[in-house]
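Below are the chains, spelled out letter by letter.
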Amino acid sequence: MKFKRPIRIALIGATGSIGSSVLDICSKFPEHFKISALTACSNEKKLIEIAKKFKVKKLCLTNPITESFNLPEYDCMVGVESLSEIVSDNDVDHVVFASSGVSAIKALQIALKNNKDVSLANKESLVVAGPWVMPLIKRPNQLRPIDSEHNAIWQCLRSDPHSEIEKIYLTASGGPFRDYSIQQMEKVTPKQALNHPVWKMGAKVTIDSASLMNKGIECIEAMQLFNLSVDKVDALIHPKSQVHGMVLFNDGTMKMLMSQADMRIPTASALAWPERLNLLNKNFELIPLSEYDLNFKEIDKKLFPCFQLALDAGAAGGAYPALLVGADESVVNGFLKGQIPFIAIPKIIESVFSKWQGSIPSTLEDAIALVDEGKRIACTLIQNWRNNN
Ligand code: NDP
Ligand code: MG
């Protein structure tokens, strides 16, 4: 069967780290992909550079720094509401969500409702709004995960019914502090935390990887994506980051997906599904057979309390995943600005959970408001921490 090419892509979050992986794949396979629209938050200079290179006319900045984002040679849009227009455009077949934060959740809903193919890198959307996003999927594989672990599980499940899953395992490199002691954790600096041993990513997700909050958040993301309860989802430290995800089936068989740690590989699989692109022809590296490593160990939850916190939030559901996302954004910012130490990250988030008094979200708007509430409570607690230390 021949699939329609080129696929017309709207790229939300074009100026970021995942955005650049998507653009690299599109530039290597111009016969497969054509970019129809590009969006960023405020980085106008980089957005225009990309637009020139990929000959894209439709651009959007959700939060432009100046009022003057109105260039005659482009169709310029501003504001987060414009994302909804972009993703429902008839010129778009496939929408890639590579922005950070929760601002694109409504656009994600609209893309699915309009029957577009969707590749999703953004984690926050499903963690905060899984119950309002997942029911909108109209057909199998309409929503394809780019996050490497979820992409691995998705690929392992290409031909298997979910009812036969016993458990899924996400892998974690363990980040720069995997061999630290609890005492050493007390002194880590933003520079050390930003120095990820394997993946090159945006700052927020790099700090979350160092605390293993990222892995906990990914477990919640996996629960939503694959409709699994918390006891069916786990994560293991795998320092080589060659295996990205594993599925244990109820007959005792295990499938795992291995590849180089390069975000362009899961990105290409999501964009081109059900085909595979010949990346090896484009000089992508293979793991030499002699270097395959199957070493896994359990996550030390005392050393990485953020992992357990996120699992607890996922198991509790209701308001907690959204509060977690909001609080985590504030504490990571606070840590990067030198306002709080690394070990305060889980302590402050835990206090956010205990301080929060409210009701379970019944609408998407309620859930998004809880993200802001989590941010707000965490900011107050950061201020208290600074006053007392
Ligand atoms: P970056 O910080 O590198 O890039 C973020 C992108 O989103 C930029 O284009 C940025 O625009 C845009 N953006 C930021 N804030 C907003 C907003 N409020 N509204 C609309 N757009 C916004 O992030 P990453 O590429 O690292 O990550 C993107 C998402 O993918 C995150 O959810 C992350 O958790 C997830 N992810 C990332 C991985 C990675 O390897 N990097 C791996 C797996 C998942 P501007 O440049 O103008 O600020
Ligand atoms: Mg990941």
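Residues numbered from 1 in each chain as written. Chains lettered and ligands numbered in written order. Predicted model: local features only at pLDDT ≥ 70, side-chain atom pairs only at ≥ 80, totals over all residues. Heavy atoms only, no water.

Time to look at the overall build of the chain. Scanning the chain from N- to C-terminus turns up 15 helices and twelve strands. For 389 residues, the compact-globule estimate of 2.2 N^0.38 gives 21 Å, and the chain sits close to it at 20 Å. Taking the principal axes of the C-alpha coordinates as reference, the chain spans close to 55 × 55 × 40 Å. For the chain, contacts bridging at least 24 residues in sequence account for 68% of all contacts bridging at least 6. Only carbon and sulfur atoms are counted for the fraction: they give 50% of the accessible area of the chain, which is about 17600 Å². Here the chain contributes 43 positively and 42 negatively charged side chains, and the mean placements of these two sets differ by 4 Å. (Helix = DSSP H or I, 4+ residues; strand = E, 2+ residues; numbered from the N terminus. Rg over C-alpha atoms; globule rule 2.2 N^0.38 Å. Contact = heavy atoms within 4.5 Å. Areas by Shrake-Rupley, 256 points an atom, 1.4 Å probe, with all protein chains shown as cover. Lys, Arg positive; Asp, Glu negative; His and termini not counted. Charge placed at Lys NZ, Arg CZ, Asp CG, Glu CD.)

Moving on, we get to the layout of surface pockets. When its volume is computed, the second largest pocket comes out at roughly 470 Å³. Surrounding the second largest pocket, 26 residues form its lining, Met258, Ser259, Ile265, Arg276 and Leu279 being those nearest its centre. Every element with two or more residues in the lining of the second largest pocket is listed here: helix H6 (148–156), strand S11 (254–258) and helix H11 (264–272). (1 Å grid on protein atoms, 1.4 Å probe; cavity = no way out; pocket = protein on both sides within 12 Å on 5 of 7 lines; lining within 4 Å. Points joined across faces, edges and corners; volume = space filled by probe spheres on them.)

Close contacts around ligand 1 come from 24 residues, with Thr15, Ser42, Asn43, Ser103 and Glu124 the closest. The side chain of serine 103 places a nitrogen or oxygen atom 2.7 Å from a nitrogen atom of ligand 1. For the shell around ligand 1, the class distribution of residues is nine nonpolar, twelve polar and three charged. (Near = heavy atom within 4 Å. Polar contact = N/O pair within 3.5 Å; in protein donor to acceptor, adjacent residues only side chain to side chain. Nonpolar A, V, L, I, M, F, W, Y, C, P; charged D, E, K, R; others polar.)

Turning our attention to the side chain of serine 84. In this structure, serine 84 sits in helix H3 (residues 81–87). Here serine 84 falls in the buried class, since its relative accessible area comes to 18%. Setting aside its immediate chain neighbours within four residues, serine 84 contacts Ala107 and Ile110. (Buried < 20%, exposed > 50% of the residue type's maximum accessible area, 1.4 Å probe, protein only.)

In this section: the coordination of the magnesium ion (ligand 2). Surrounding the magnesium ion (ligand 2) are the protein donor atoms Asp147 (OD), Glu149 (OE) and Glu218 (OE), which sit 2.1 to 2.2 Å from the metal. Considered as a linear motif, the donors of the magnesium ion (ligand 2) on their single chain read D-x1-E-x68-E. With a gap of 69 residues between them, glutamate 149 in helix H6 and glutamate 218 in helix H10 (residues 213–226) connect regions that are remote in the sequence. Owing to a relative accessible area of 7%, glutamate 149 belongs among the buried residues under this scheme. (Donors = N, O, S within 2.8 Å, 3.2 Å for Na, K, Ca; no water.)

On to the packing of helix H5 (residues 124–133) against helix H13 (residues 320–336). Between H5 and H13, whose axes approach to 8 Å, the crossing angle comes to 155°. What the angle tells us is that H5 and H13 run roughly antiparallel. Relative to H13, the crossing made by H5 is left-handed. Along its contact with H5, which presents Glu124, Val127 and Val128, the element H13 presents Pro321, Ala322 and Val325. Looking at the contact of H5 with H13 residue by residue, the classes come out as five nonpolar, no polar and one charged. (Axes fitted to C-alpha atoms, helices over the stretch in contact; angles between N-to-C directions. Parallel < 35°, antiparallel > 145°, perpendicular 65-115°, else oblique. Left-handed = near helix turned anticlockwise from the far one by under 90°.)

Below, the discussion takes up the packing of aromatic side chains. One pass over the full model with this rule turns up five aromatic pairs. Between phenylalanine 177 and tyrosine 180, the aromatic rings sit 4.9 Å apart at their centres with planes inclined by 55°, giving tilted as the arrangement. For phenylalanine 177, a relative accessible area of 1% gives the class buried. Ring centres of phenylalanine 177 and phenylalanine 342 lie 5.3 Å apart, and the angle between their planes is 75°; this geometry places the pair in the edge-to-face category. Placement of the pair is phenylalanine 177 in the loop between strand S8 (165–172) and helix H7 (182–185) and phenylalanine 342 in the loop between H13 and helix H14 (344–355), with a sequence separation of 165 residues. For the cation-ring pair, lysine 57 lies above tyrosine 74, with the distance from its terminal atom to the ring centre recorded as 5.4 Å. One cation-aromatic arrangement involves lysine 282 over phenylalanine 29; the distance from NZ or CZ to the ring centre is 5.0 Å. (Phe/Tyr/Trp six-rings, centres within 6.5 Å; stacked < 30°, edge-to-face > 60°. Lys NZ or Arg CZ within 6 Å of the ring centre and 35° of its normal.)

Next up on the list: the pairing of strand S5 (residues 94–97). Residues His94 and Val96 line one face of S5 and the alternating positions Val95 and Phe97 line the opposite face, and both faces are buried. Sheet topology note: the strand S1 (residues 7–12)/S5 ladder contains four bridges and is parallel. The partner of isoleucine 12 across the bridge, within S5, is phenylalanine 97. In the sheet, S5 pairs with strand S6 (residues 117–120) via four bridges, with the strands oriented parallel. Note on S6: the bridge partner recorded for phenylalanine 97 is leucine 120. Handedness of the crossover joining S5 and S6 through helix H4 (residues 105–113) is recorded here as right-handed. (Pairing = 2+ DSSP bridges. Right-handed = clockwise from strand over helix to strand, strands pointing away.)

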